[in-house]
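# Understanding the architecture of this molecule
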Amino acid sequence: MNPLLYLDYAGVAVFAATGALAASRKELDVIGFLFLASFTGIGGGTVRDVILGLPIFWVINPAYVLVCASVAVLVFFTAHLVESRYKLLLWLDALGMAAYAAIGAAKGLEATGSPTVAIIMGMLTATFGGILRDLLAGEPSVLLKPEIYVSAAMTGAAIYTLAELAELPTELSTVVAFV
Amino acid sequence: MNPLLYLDYAGVAVFAATGALAASRKELDVIGFLFLASFTGIGGGTVRDVILGLPIFWVINPAYVLVCASVAVLVFFTAHLVESRYKLLLWLDALGMAAYAAIGAAKGLEATGSPTVAIIMGMLTATFGGILRDLLAGEPSVLLKPEIYVSAAMTGAAIYTLAELAELPTELSTVVAFV
Amino acid sequence: MNPLLYLDYAGVAVFAATGALAASRKELDVIGFLFLASFTGIGGGTVRDVILGLPIFWVINPAYVLVCASVAVLVFFTAHLVESRYKLLLWLDALGMAAYAAIGAAKGLEATGSPTVAIIMGMLTATFGGILRDLLAGEPSVLLKPEIYVSAAMTGAAIYTLAELAELPTELSTVVAFV
C-alpha cells in the first residue's frame, strides 16, 4: 500500500494546485483558493469512497485536507510564478490523473473484485475533481473539451486493472508516456 | 422485483440516450458520449442508493454501466437518425422517468417505511440524472424550464407510493397518460 | 442535543428560503421553488451525513423536507413581500450558516473526534446548500463572490470546535456579531 499512499498525496497535491490555479484565474480571495483546491484535490476520492461504501479517506486521515490547504496558500502567494509554469502543471496534472486512476482502480478492485467497477472507479476518481472544479469555477467542463484528459484516465485505470500484478512505476510511466 | 428490474434497465438506457444526445448537441468525442450517457443514466440511482445507505446498484451489477456504454456508442454512430426522432425520445424520457420514479419510491419505501421519504426518493431518482446531464453539458438546468418534467416525476412517485399494491403496468400507463 | 435540533430546523428553513428566493428571481413555477428550496435547505446536511457515514438526517426525520416544502410554498405566494425584505434575509442567512456550521462541526467532532474534520464538516455543511443552489439556478457560485460568506462559516465552525464546551447561544451571537 505504501507506493499507493505516496501517489495519493502527490495526486491530491497536484489536483489541489490546478484548483488553486482556477481560483487564481478567477481572482478569488484566499478562501476561494482553499475551497477550489480542496474540492478539486479530494473530490474524486470522496465520490469514490462514497460509492464503494468505504470510509472517506480524508475523514480517516485529515492530512490530505491539510495538503490541499497548504497547496492553496502556496499558490495564493506564488500564483504569478506558477501560472508561467502552466506547461509543467499540465504534465503534473496528467501524472496526478494517472496516479488517481490507478488508486481508484485498486480500491474498486479490492472492494468489489469486479474489473468493470475497478475501471469505472479509476476514471471517476481521476476526473471528478476536475469536473467539480470547472462546475464551481463556472468554466466549461473539462468533459466538453476535445482533450485527451478523460482518455488518459480511462487508459490508466484500464492498464492498472489489467496488469494489477505489474509494478506500479512501470504502469505510471506507460500512462504518462501515452499522454 | 422482476418487473422493477426490467424497468430499471429500460430507465437507465433511456436516460443514457438523452445524455448521449446532449453530447451529440455539444459535438463531443466518443469519450464525452460515454461520460454524459453514464452520468445521466446512473446518476439518479447512485444518489438514491447513497442517501438510503444501500450498496450502489451498479457496483453490485455493473451490467448497468455496460448498458450506458452501449447506448453511448450506439448514439455516437446513429445520432443523425436519433436526433430526428427527438419527439419519440421525449416520450421515452417520460416513460423512463415514470419508471425511475416508481423504482426510487419502491426502494425508499422498502428501506425506510416512510411514504414521505419514498416520494422524495422517487423524485430524486427520476430527476437527478437529468440535472447532472445539464450541469455537465453546460445547458440551463431542466429545473429552470417551465416543463412538466419534474411534475411528472413527482406524480409518478406519489402514485406508486399511494398505490404500492397496485400492479406496476397500471401505474406506468397512468403516468405516461398524464404526461 | 435539543438546542442543536432547533438550530437545525431554523437553519434548514432559512436556507430553504434563500433557495426559494433564487427560484423567485428565476421566475420558476412552484415545482422549481420546491426543488431549489429543498436542495438548498438539506443539501449541506446530506453531504455531511454521507461523508461521515451517518444515516441521512432527513431520511430519519422527514419533517425537515416538509419544512423546506412549506417554506417554498410560503415564499411562492409571498415572494413580493420577502424580496423587499432581502436585507433581513441576508442576516437570517448568516444566522443559518452559523447554526449549520456549529451543527456540522458538532456532528463531525462526535463522529470522528478529529478537530480538523470537525472544522471541515462545519464549513461544508454551511456552504454546500448555497453552492448547490447557485449551480442549479445557473447563477455564479457564491464561492466566486468576494463575500464573507464562507469566511463566516469557517469562523463559526472553528469557534464551535475550539469551544465545544461553551454554551451555544454565546457561540451563535459571536459569529453573528462577526458577520
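The paragraphs below set out a description of the structure included in this document. All values reported here derive from a predicted model rather than from experimental measurement.

Here we come to the relation of the copies chain C and chain B. Expressed as a screw operation, the relation of chain C to chain B combines 0.0 Å of axial shift with a rotation of 120°, fitting to an RMSD of 0.0 Å. Considering both components of the superposition, the chain copies are consistent with a three-fold axis. Little of the interface of chain C is mirrored in chain B: 11% of its interface residues are interface residues there too.

Once that is clear, we can look at the interface of chain C and chain A. With 21 residues of chain C at the interface, the matching set in chain A holds 18 residues. Across the chain C to chain A interface the summed buried area is about 1,600 Å²; carbon plus sulfur atoms make up 86%. On the surface where chain C and chain A come into contact, there are zero salt bridges. Linking chain C to chain A there are zero residue pairs in polar contact (both at pLDDT 80 or more). Those elements that place two or more of their residues in the side of chain C that touches chain A are helix 2 (30-52), helix 6 (115-137) and helix 7 (149-162) of chain C. A per-element tally of the side of chain C that touches chain A places helix 6 of chain C first, with 10 residues. Tallied by class, residues from the side of chain C that touches chain A come to 14 nonpolar, six polar and one charged.

Once chain C is rotated about the relating axis by 120° and shifted along it by 0.0 Å, it coincides with chain A to within an RMSD of 0.0 Å. Taken together, the interface assignments show that only 10% of the residues at the interface of chain C recur at the interface of chain A, consistent with different surfaces on the two copies.

Here we take up the interface of chain C and chain B. Bring the parts together and some accessible area is lost; that lost area is often taken as the interface size. Taken together, the contact between chain C and chain B spans 18 residues of the former and 21 residues of the latter. Between chain C and chain B, the buried area comes to about 1,600 Å², and carbon and sulfur atoms account for 86% of it. If you sort the residues of chain C by the area they bury against chain B, Phe 35, Trp 58 and Leu 136 of chain C come out on top, with a joint share of 33%. The interface formed by chain C and chain B contains zero salt bridges. For the interface between chain C and chain B, the tally reads zero residue pairs in polar contact (both at pLDDT 80 or more). Elements that contribute at least two residues to the side of chain C that touches chain B include exactly helix 2, helix 3 (57-60), helix 4 (63-83) and helix 6 of chain C.

Definitions and cut-offs
- Residues numbered from 1 in each chain as written.
- Chains lettered and ligands numbered in written order.
- Predicted model: local features only at pLDDT ≥ 70, side-chain atom pairs only at ≥ 80, totals over all residues.
- Heavy atoms only, no water.
- Least-squares fit on C-alpha atoms with pLDDT ≥ 70 in both.
- Contact = heavy atoms within 4.5 Å.
- Buried area = accessible area lost by both parts, 1.4 Å probe.
- Salt bridge = Lys/Arg side-chain N within 4 Å of Asp/Glu carboxyl O.
- Polar contact = N/O pair within 3.5 Å; in protein donor to acceptor, adjacent residues only side chain to side chain.
- Helix = DSSP H or I, 4+ residues; strand = E, 2+ residues; numbered from the N terminus.
- Nonpolar A, V, L, I, M, F, W, Y, C, P; charged D, E, K, R; others polar.

All quantities given are derived from atomic positions and should not be read as evidence of function.
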